[in-house]
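An overview of the molecular structure
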Amino acid sequence: MNTPQVWDRHAINAEIRRRGMNLTGIALDAGLYASACRQGIIGLSRPGAEAIATALDIPFRTLFPTLYTRGRHNEGKSNRNGSCSASAKAHAEIDGTNAIS
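Residues numbered from 1 in each chain as written. Predicted model: local features only at pLDDT ≥ 70, side-chain atom pairs only at ≥ 80, totals over all residues. Heavy atoms only, no water.

1. Some thoughts on unusual backbone geometry
One non-glycine residue, Asp57, lies in positive phi territory at about 60°. The topology assignment puts Asp57 in the loop between helix H4 (46-56) and helix H5 (60-63). (Helix = DSSP H or I, 4+ residues; strand = E, 2+ residues; numbered from the N terminus.)

2. Observations concerning helix H1 (residues 9-18)
Taken together, the buried positions of H1 are Ala11, Ile12, Glu15 and Ile16. Take H1 and look down its axis: the buried residues cluster within an arc of 140°, on one side only. Those residues of H1 that are exposed and angled more than 90 degrees off the buried face are Arg17 and Arg18. Where H1 is buried, its residues contact helix H2 (23-29), H4 and H5. Following H1 by one or two positions, Gly20 has its phi on the positive side, about 80°. (Buried < 20%, exposed > 50% of the residue type's maximum accessible area, 1.4 Å probe, protein only. Arc of directions from axis to C-beta. Contact = heavy atoms within 4.5 Å.)

Everything listed here is a matter of geometry and, on its own, says nothing about what the molecule does.
Encoded structure:
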C-alpha cells in the first residue's frame, strides 16, 4: 500500500540533508537573510518556507499544509480586520467630536 508522504519539520530537514543542502544555503541562494529558512520551517517566515519548497521542487501546500493558512497570501485581504482601518481617536476627529477635554 502506498501512503502519501507526511511532511513535518523533521522530514523536511532530512530531505534537505539528503539532497546535500542546508537551510542557510537555501535562504542565501534565495536572497533572504541567513535564518529565514530556519524560521520558515517552524512557521515564522513565509518567504523562508517558500524558498524551501522551491529548493526541494515540492509544492508549497504539500510541504506546509497547516502552516501559513491565514493572512493576505491566501485570503486576498491586506488587513485582518477589514472593519477597522483607523484608530478611535481619528474617527472622533473626523466626526467633529472631541473625546479629550
